[in-house]
Amino acid sequence: MKKVEIHPEAVERVKKFTITDTNLGFGKYMAPIMIEAIYDKGEWQRFDLLPYGPLKLDPCSKVLHYGQEIFEGMKAYRQPDDSIKMFRPEQNARRFNQSARRMSMPEIPEDQFIHACDVICAYSKNLVPRRLGESLYLRPFMIATEVGLGIKPSKQFLFIIAASPSGAYFAADSVKVYIERDDIRAAHGGIGFAKTGGNYAASLKSYAKTIDSGCDQTMWLDSTHQYVEEMSGMNFMAIINGELHTPAITDTILDGITRRSILELARHSGMKVVEDKLSITHLLESVQNQSCTEAFVCGTASVICPVNSFLDKDGKIYQVKDGTGKISLQLREKLVGIQAGREDGPEGWMHTVKDIKF
Ligand SMILES: Cc1ncc(COP(=O)(O)O)c(C=O)c1O
């Protein structure tokens, strides 16, 4: 494993940096430092901690034309004893490499990925917010930097980790969901399971429709337009007849770490969990006849947010019985409590960032 080289300018920058705004929002403020690593000649050459700043890219770098890029999203939390812990970073490292394989990009050894995350967290420790629900959001990403317009995998890459002290993702306590009946996000054999920019770019047209119709989140159906898949940046769950239902993971759905963690907590609490195909017709009927009492979206950024209602293409609104989500909020409290170090969670979920004096 390569040690991250610490540049003194980066340390100086972070020592002087403060944020006075108490409303952090999500991804609004960036830490003044970043990790940068270069891949060339078939290997990762070096890892550096540098001042955060603009990249110098050749206009014909492959990422700018063919979208060869991947990313991750993860969080570090301040603990009651003031130490910093990351939530399940090895899961992000693993998923990053899964995305890398699908996008013909080089993998980063899991311990190297986690070491780089550790370093940026350790040097950003004064920027990890203190209030419950706030955290240091990490954005590791990789882009293809080889210059040339031939459509083929790049041989050169840049890996970066940016960090953003963040608060709540949604301003409201619940979300309104717009059901996308026309466009699709992913099909079998495609890239739906990979965390790569193209999936998000393809969702933006529907995002505009979603917002125009007074909703907050787009719900994607599968390529047959029959089954619920996920949101543009979150997974989906519903409580139907007292059981926790969620679409089973396929190659068209991003395998969310929050989703997996919630299922583990729910099973542990004795709740019945159903991971299967979930037809949109069945979901809407269940909402209408109130056998679906709650629904929620879940992901690293939002943790858990109850669904208030669904809006269909024909303008029909399906109001969820308990739109503020009693069980959803119990699950949220448990997960947030574990992440903030106020509650015990399953062994190995919280990864301690080694303190560094600087
Ligand atoms: C498309 C998509 N689905 C689901 C999720 C939730 O995944 P996680 O819980 O790992 O953040 C995300 C966010 O990463 C996402 O971008």
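Residues numbered from 1 in each chain as written. Predicted model: local features only at pLDDT ≥ 70, side-chain atom pairs only at ≥ 80, totals over all residues. Heavy atoms only, no water.

Peer 1: Please give an account of a nonpolar patch on the surface that cites residues and values.
Peer 2: The grouping of Tyr-66, Leu-149 and Ile-151 at the surface amounts to a nonpolar patch, some 340 Å² of accessible area in total. With respect to the secondary-structure elements, Leu-149 resides in the loop between strand E7 (135–144) and strand E8 (157–166). (Patch = residues over 30% accessible without salt bridge, like charges linked within 9 Å, V, L, I, M, F, W, Y side chains within 5 Å. Areas by Shrake-Rupley, 256 points an atom, 1.4 Å probe, with all protein chains shown as cover. Salt bridge = Lys/Arg side-chain N within 4 Å of Asp/Glu carboxyl O. Helix = DSSP H or I, 4+ residues; strand = E, 2+ residues; numbered from the N terminus.)

Peer 1: Outline helix H4 (residues 110–123), listing residues and values.
Peer 2: For H4, spanning 14 residues, the distance from its first C-alpha to its last is 20 Å, which sits close to the expected 20 Å at 1.5 Å a residue. Burial runs high along H4: 12 of the 14 residues are buried. Where H4 is concerned, the buried positions are Gln-112, Phe-113, Ile-114, His-115, Ala-116, Cys-117, Asp-118, Val-119, Ile-120, Cys-121, Ala-122 and Tyr-123. (Expected span 1.5 Å × (residues − 1). Buried < 20%, exposed > 50% of the residue type's maximum accessible area, 1.4 Å probe, protein only.)

Peer 1: Go over the pattern of salt bridges, please, and point to the residues and values.
Peer 2: Counted by the stated rule, this structure contains 23 salt bridges. In this structure, a network of salt bridges that share partners links the residues Arg-78, Asp-82 and Arg-130.

Peer 1: Describe unusual backbone geometry, listing the residues and the values that go with them.
Peer 2: Non-glycine residue Arg-88 carries a positive phi angle of around 45 degrees. Inspection of the secondary structure assignment puts Arg-88 in the loop between strand E6 (84–87) and helix H3 (89–102). You can call Arg-88 buried: its relative accessible area is 6%. You will see that Ser-104, though not glycine, has its phi angle at about 55 degrees, which is positive. Mapped onto the elements, Ser-104 comes out in the loop between H3 and H4. Using a relative accessible area of 42% as the deciding quantity, one classes Ser-104 as partly exposed.

Peer 1: Please give an account of the environment of Phe-358 that cites residues and values.
Peer 2: By secondary structure assignment, the location of Phe-358 is in the segment after strand E18 (350–352). Since its relative accessible area comes to 32%, Phe-358 is described here as partly exposed. Sequence spacing of Phe-358 and Val-11 is 347 residues, and the spatial spacing of their C-alpha atoms is 7.5 Å. Setting aside anything within four residues of it in sequence, one finds Phe-358 in contact with Val-11, Val-14, Lys-15, Ala-122, Tyr-123 and Lys-125. (Contact = heavy atoms within 4.5 Å.)

Peer 1: Tell me about the packing of helix H7 (residues 257–268) against helix H9 (residues 326–339), and please be specific about residues and values.
Peer 2: Two elements in contact, H7 and H9, have axes separated by 11 Å at closest approach and are oriented at 110 degrees. The angle between H7 and H9 places the two elements in the roughly perpendicular class. Residue-level inspection shows Thr-258, Ser-261, Ile-262, Leu-265 and Ala-266 of H7 in contact with H9, the latter providing Leu-331, Lys-334, Leu-335 and Ile-338. Split by residue class, the contact of H7 with H9 holds 6 nonpolar, 2 polar and 1 charged. (Axes fitted to C-alpha atoms, helices over the stretch in contact; angles between N-to-C directions. Parallel < 35°, antiparallel > 145°, perpendicular 65-115°, else oblique. Nonpolar A, V, L, I, M, F, W, Y, C, P; charged D, E, K, R; others polar.)

Peer 1: Account for the pairing of strand E13 (residues 243–247), naming residues and giving values.
Peer 2: The buried count for E13 comes to 4 of 5 residues, which makes it a mostly enclosed element. When strand E12 (residues 235–240) meets E13, the two strands line up antiparallel, connected through 3 bridges. Residue Ile-239 lies in a different strand from E13, and its bridge partner there is Leu-244. The antiparallel hairpin formed by E12 and E13 contains 2 residues in its connecting segment, where Asn-241 sits at a positive phi of about 50 degrees. Taken together, the 4 bridges between E13 and strand E14 (residues 273–276) define a ladder with parallel strand orientation. Residue pairing across strands places His-245 opposite Val-274, the latter belonging to E14. Once you follow E13 into H7 and on to E14, the crossover reads as right-handed. (Pairing = 2+ DSSP bridges. Right-handed = clockwise from strand over helix to strand, strands pointing away.)

Peer 1: Can you lay out the domain arrangement of the protein chain for me, pointing to particular residues and giving the numbers?
Peer 2: For the protein chain, the assigned domains read domain 1 (4–168) and domain 2 (175–338). Measuring from the centre of the C-alpha atoms in domain 1 to the corresponding centre in domain 2 gives 27 Å. The interface is formed by 20 residues belonging to domain 1 together with 21 residues belonging to domain 2. Carbon and sulfur atoms make up 58% of the surface buried where domain 1 meets domain 2, a total of about 1,700 Å² over both sides. In terms of surface lost to domain 2, no three residues of domain 1 exceed Phe-71, Arg-95 and Arg-102, which account for 33% of the buried area on that side. When the shortest N-O distance is used, the salt bridge between Glu-264 and Arg-88 registers 3.9 Å. Across the domain 1-domain 2 interface, the total number found is 11 residue pairs in polar contact (both at pLDDT 80 or more). Considering every element that reaches the side of domain 1 that touches domain 2, the biggest residue donor is H3, with 6 residues. Classifying every residue of the side of domain 1 that touches domain 2 by side-chain character gives 8 nonpolar, 6 polar and 6 charged. (Domains from an automatic or database assignment. Buried area = accessible area lost by both parts, 1.4 Å probe. Polar contact = N/O pair within 3.5 Å; in protein donor to acceptor, adjacent residues only side chain to side chain.)

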